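So you can see what is in the structure, the chains are spelled out below.
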Amino acid sequence: MSDIHDLLKAQTALLHERSQGLAFFEALRAHQLPKVAIVSFLRCLAVIHAILERRLSQISQHQAVRIHHSISPRLPFIMADLKVLDAASLPSVAPAMRAALDYADQILGETDPLILIGTLYILESSQTGALAFRPQYARCLMIAEDRLSYLGCHGTTTAIPWSAFFAELNALSLDAGQRERIVASAAACIACLGVVCAAVYPHSPGDLKYHAASINVEAGEHAIPQSPIEIDLALRAGKAAWEQFPYLQQRYGVRGRRFTNSDSCWLVTLTYASRPELVTRALDWLRTVLAPRGIPTLILEAHVRAIQVIAPDYPEEVRLLTAFDPFLSDRDAERRKHFGADGKSPLIDAFDRRLQASSGLRVESAAELICSAWIDERSGVRGSR
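Remember, predicted model here, so these are calculated numbers, not experimental data. (Residues numbered from 1 in each chain as written. Predicted model: local features only at pLDDT ≥ 70, side-chain atom pairs only at ≥ 80, totals over all residues. Heavy atoms only, no water.)

Visitor: I'm lost on the overall build of the protein in this one. Help?
Guide: Along the protein, the regular secondary structure elements total 17 helices and two strands. Taken over the C-alpha atoms alone, the protein extends approximately 75 × 45 × 35 Å along its principal axes. In the protein, 78% of the contacts between residues at least 6 apart in sequence involve partners at least 24 apart. As displayed, the protein has an accessible area near 17900 Å², and 56% of this comes from carbon and sulfur atoms. Computed over 40 positive and 41 negative side-chain charges, the separation of the two mean positions in the protein equals 4 Å. (Helix = DSSP H or I, 4+ residues; strand = E, 2+ residues; numbered from the N terminus. Contact = heavy atoms within 4.5 Å. Areas by Shrake-Rupley, 256 points an atom, 1.4 Å probe, with all protein chains shown as cover. Lys, Arg positive; Asp, Glu negative; His and termini not counted. Charge placed at Lys NZ, Arg CZ, Asp CG, Glu CD.)

Visitor: How do you make sense of the packing of helix α12 (residues 246-270) against helix α14 (residues 297-310) when you look at a structure like this?
Guide: Helix-helix packing is described using two parameters, namely the angle between the two axes and the distance between the axes. α14 packs onto α12 with a crossing angle of 50 degrees between their chain directions and a minimal axis gap of 12 Å. Judged on the interaxial angle alone, α14 and α12 are oblique. Considering the relative orientation of α12 and α14, their crossing is right-handed. Along its contact with α12, which presents Tyr247, Leu248, Thr260, Ser264, Leu267 and Val268, the element α14 presents Ile299, Leu300, His303, Val304 and Ile307. (Axes fitted to C-alpha atoms, helices over the stretch in contact; angles between N-to-C directions. Parallel < 35°, antiparallel > 145°, perpendicular 65-115°, else oblique. Left-handed = near helix turned anticlockwise from the far one by under 90°.)

Visitor: How do you make sense of the packing of aromatic side chains when you look at a structure like this?
Guide: Any two aromatic rings considered together are summarised by their centre-to-centre distance and by the angle between their planes. One pass over the structure, following the stated rule, counts six aromatic pairs. Where Phe25 meets Phe133, the ring centres are 5.6 Å apart and the plane angle is 35 degrees; that geometry is what we call tilted. Here Phe25 is found in helix α2 (residues 23-29), whereas its partner Phe133 is found in helix α7 (residues 117-141), with 108 residues between them in sequence. In this structure Phe25 comes out as buried when scored by relative accessible area, which is 10%. For Phe133, a relative accessible area of 14% puts it in the buried group. On the basis of an interplanar angle of 85 degrees and a centroid distance of 6.2 Å, the ring pair of Tyr247 and Tyr252 is categorised as edge-to-face. Looking at Tyr247, the relative accessible area reads 15%, which means it is buried. Among the aromatic residues, those joined into a cluster by ring pairs are Phe24, Phe25, Phe41 and Phe133. The aromatic ring of Tyr272 is capped on one face by Arg319, whose charged end is 3.8 Å from the ring centroid. (Phe/Tyr/Trp six-rings, centres within 6.5 Å; stacked < 30°, edge-to-face > 60°. Buried < 20%, exposed > 50% of the residue type's maximum accessible area, 1.4 Å probe, protein only. Lys NZ or Arg CZ within 6 Å of the ring centre and 35° of its normal.)

Visitor: How should α14 be read in this particular structure?
Guide: Since one α-helical turn is 3.6 residues long, residues separated by three or four positions face the same way. For α14, which comprises 14 residues, the first-to-last C-alpha distance of 20 Å matches the rise-based estimate of 20 Å (1.5 Å per residue) to within 8%. Judged by how many residues are buried, α14 sits mostly within the fold: twelve of 14 residues are covered. Listed as buried for α14 are Thr297, Leu298, Ile299, Leu300, Glu301, Ala302, His303, Val304, Ala306, Ile307, Gln308 and Ile310. In this fold, the buried residues of α14 make contact with α11 (228-244), α12, α13 (276-290), α15 (325-339) and α17 (366-378). (Expected span 1.5 Å × (residues − 1).)

Visitor: Help me understand the pattern of salt bridges, please; the structure alone is not making it clear to me.
Guide: Pairs can form between side chains of opposite charge whenever their charged atoms are close. Enumeration according to the criterion identifies 18 salt bridges in this entry. Linking Arg335 and Glu301 is a salt bridge whose minimum nitrogen-to-oxygen distance equals 2.7 Å. Of this pair, Arg335 sits in helix α15 while Glu301 sits in helix α14, and the two are 34 residues apart along the sequence. Like Glu301, Arg335 is buried. Residues participating in the shared-partner salt-bridge network are Asp284, Arg287, Arg331, Glu334 and Asp376. (Salt bridge = Lys/Arg side-chain N within 4 Å of Asp/Glu carboxyl O.)

Visitor: Hey, could you run me through the nonpolar core in this one?
Guide: A general trend in soluble globular proteins is that nonpolar side chains are found buried together. In this structure, Leu42, Tyr137 and Leu169 are the most contacted members of the largest nonpolar core, which totals 76 residues. Top contributing element to this core by residue count: helix α3 (residues 35-57), with 14 residues. Counting residues in hydrophobic clusters, the runner-up holds 39 residues, among them Ala219, Trp266, Val304 and Ile310. (Core = buried A, V, L, I, M, F, W, Y, C linked by side-chain atoms within 4.5 Å.)

Visitor: Could you clarify how one ought to interpret the confidence of the model for the protein in this entry?
Guide: Any region with low pLDDT has predicted coordinates that should not be read closely. In this model, the protein carries an average pLDDT of 90, and 96% of its residues clear a pLDDT of 70 or more. Confidence, read as mean pLDDT per element, is least for helix α8 (residues 159-170) in the protein (72) and greatest for strand β1 (residues 92-93) (98). (pLDDT = per-residue confidence, 0-100.)

Visitor: Honestly, the side chain of His49 in this entry has me stumped. Any pointers?
Guide: Mapped onto the secondary structure, His49 falls in helix α3. The exposure class of His49 is buried, given its relative accessible area of 2%.

Visitor: It is not clear to me how the state of the cysteines should be interpreted in this structure. Could you clarify?
Guide: Each disulfide consists of a covalent bond between the sulfur atoms of two cysteine residues. In the structure shown here, the tally under the stated rule is zero disulfides. The thiol sulfur of Cys44 is not disulfide-bonded, and the nearest other cysteine sulfur, from Cys192, lies at 7.5 Å. (Disulfide = S-S within 2.5 Å.)

Visitor: Before we go on, may I ask you to explain the side chain of Ser125 in this structure?
Guide: Structurally, Ser125 can be placed in helix α7. Polar side-chain contacts of Ser125 include one of 2.9 Å to the backbone oxygen of Ile122. (Polar contact = N/O pair within 3.5 Å; in protein donor to acceptor, adjacent residues only side chain to side chain.)

Visitor: Explain a nonpolar patch on the surface to me, please; I cannot follow it from the model alone.
Guide: A grouping of Leu347, Phe351, Leu355 and Ile370 is seen on the molecular surface, where their side chains present a nonpolar patch of about 370 Å² in accessible area. No other element matches helix α16 (residues 347-357), which puts three residues into the nonpolar patch. Locating Ile370 in the fold gives a position in helix α17. Residue Ile370 is classed as exposed on the basis of its relative accessible area of 53%. (Patch = residues over 30% accessible without salt bridge, like charges linked within 9 Å, V, L, I, M, F, W, Y side chains within 5 Å.)

Below you can see the structure in the form of structure tokens.
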């Protein structure tokens, strides 16, 4: 083994051993670990994996790239488990989520991507332990072992990806300072996982809340509804808005869908504002965030209208019927200012016919989206086109 692997193994062995004495693992071994604790643990891992994997995918440092490519992404496995466990209906242990988010910030702040190998090493080495505990997790969750994807994801073939990972570790050319920082990174990861495990079990009822990162692992920490009914409404509206514009899937993929979901939850919480103008002000701000990122205000309008359309299915959510009206009225006035009484550019239909007749990729509503981006730019939202 390379000296970095030997060093990592030696320096983290005691930390691994101590973690096994946590109440989390005692309850797991006794088949008494609650489902909400396991779901919260998986959500925390999802946050860490999402940030780490995205960070590593954006770098060009050749040694880090080789290490990253030697293993498959783990986030899809965790997301599959959360779906199997119907996790959307469960709250999270908030202190554990906070610890995961704080650690994710550390990952984002690391200036030398090679140092993240320490984090990757810990997460990969944990798969050996996860495989050993897989029967206990399954029994606590009352499901068949083979329905779990992330925990011991390679099953009896775990040694194969480990070998590939070790081969890349062996090939690393590191100076003493890099080795020291990689070991420190590994220790920080173990410390974070220890905090997470200690937080998820045992926890108090007051620690449970619905969390933005449980809707979208990259959403950070922002307000979302604390009612499962409102979350259901928000997710339905997000789905409707997403499907109305196939452009979103074409450009942003699965990651964009997750942000649509968390944004939808935030939009619902806006309607609790004490004054209507606060809702409009917040939407005006969101417009300046989304439009320069390729999401014209037309899409935001469609999203809040979707919430209004679905709201009658939830009689107790009557405030949602009118909370967005001032913002929508402002957008209608904006269009009339530029295009006259009907608020629609006469070029949209002509552009759409030509775009649909062209060869190559076709984007539905392309002309309308381009027109909305033009209005955003003319209305002072810089970088919208």
